[in-house]
Amino acid sequence: MKTSEKGIELIKKYEGLKLSAYLCTAGVWTIGYGHTKNVRQGQKINIGEAERILKEDLKAFEKGINDLNLKINQNQFDALVSFAFNVGLENLKKSTLLKKIKANPMDKSIENEFMRWVYAGSKKLDGLIKRRTEEAEMYFKEG
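Residues numbered from 1 in each chain as written. Predicted model: local features only at pLDDT ≥ 70, side-chain atom pairs only at ≥ 80, totals over all residues. Heavy atoms only, no water.

> Hey, could you run me through the pattern of salt bridges in this one?
For side chains of opposite charge, pairing can occur when their charged atoms come near one another. Summed over the entire model, instances satisfying the criterion amount to 12 salt bridges. Residue Glu-62 pairs with Lys-2 through a salt bridge whose shortest N-O separation is 4.0 Å. Here Lys-2 lies in the segment before helix 1 (5-15) and Glu-62 lies in helix 2 (residues 47-66), a separation of 60 residues in the sequence. Put simply, Glu-135 and Arg-132 hold a salt bridge, and the shortest N to O gap is 2.6 Å. Here Glu-135 and its partner Arg-132 are both found in helix 7 (residues 126-140), 3 residues apart, which amounts to about one turn of the helix. (Salt bridge = Lys/Arg side-chain N within 4 Å of Asp/Glu carboxyl O. Helix = DSSP H or I, 4+ residues; strand = E, 2+ residues; numbered from the N terminus.)

Written out as structure tokens, the structure reads:
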């Protein structure tokens, strides 16, 4: 599967677009829509480059989710790509969220598992609460 436009829009909404490199809250140089690989201080890009980089970055997350061989639909896939894009594939792979999806992709307690991932360090962040809420809503949305 590949991320749908709805999934890409969700990621863009929460990553935001920055055309100049900046230090994110985790102290990592970031540019575009949350891109961190080989970003350096003072770097600048345009919107077209940001779009291209995002599509390239998504490939690794799409492959990572596809490689899990889950029995999921497009909305569930998009929600998991957004989640993994934000917290990392390795964190998803170790999560109770994934264990529950593997056991039963329609288990309603999966929503609670998304909501466990709203902390940066020990601080609960409003932006992460909103993102996880939308990811959980997308995950359970029909069609």
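Now that the structure is up, let's keep going.
> What is the right way to read the pairing of strand 1 (residues 18-23) from this model?
Note on strand geometry: in a regular strand, side chains alternate between the two faces of the sheet. As paired strands, strand 1 and strand 2 (residues 29-32) are joined by 3 bridges and run antiparallel to one another. Looking at strand 2, one finds that Leu-23 is bridged to Trp-29. (Pairing = 2+ DSSP bridges.)

> Sorry, what's going on with the packing of helix 1 against helix 2 here?
When two helices pack together, their arrangement is given by the angle between the helix axes and the distance between those axes. Running from amino to carboxyl end, helix 1 crosses helix 2 at an angle of 115°, the nearest separation of the two axes being 12 Å. The orientation of helix 1 with respect to helix 2, classified from their angle, is roughly perpendicular. For helix 1 against helix 2, the interelement crossing comes out right-handed. Residues Ile-8, Ile-11 and Lys-12 of helix 1 form the contact with helix 2, whose participating residues are Glu-51, Leu-54 and Leu-58. Considering only residue class, the contact of helix 1 with helix 2 consists of 4 nonpolar, no polar and 2 charged. (Axes fitted to C-alpha atoms, helices over the stretch in contact; angles between N-to-C directions. Parallel < 35°, antiparallel > 145°, perpendicular 65-115°, else oblique. Left-handed = near helix turned anticlockwise from the far one by under 90°. Contact = heavy atoms within 4.5 Å. Nonpolar A, V, L, I, M, F, W, Y, C, P; charged D, E, K, R; others polar.)

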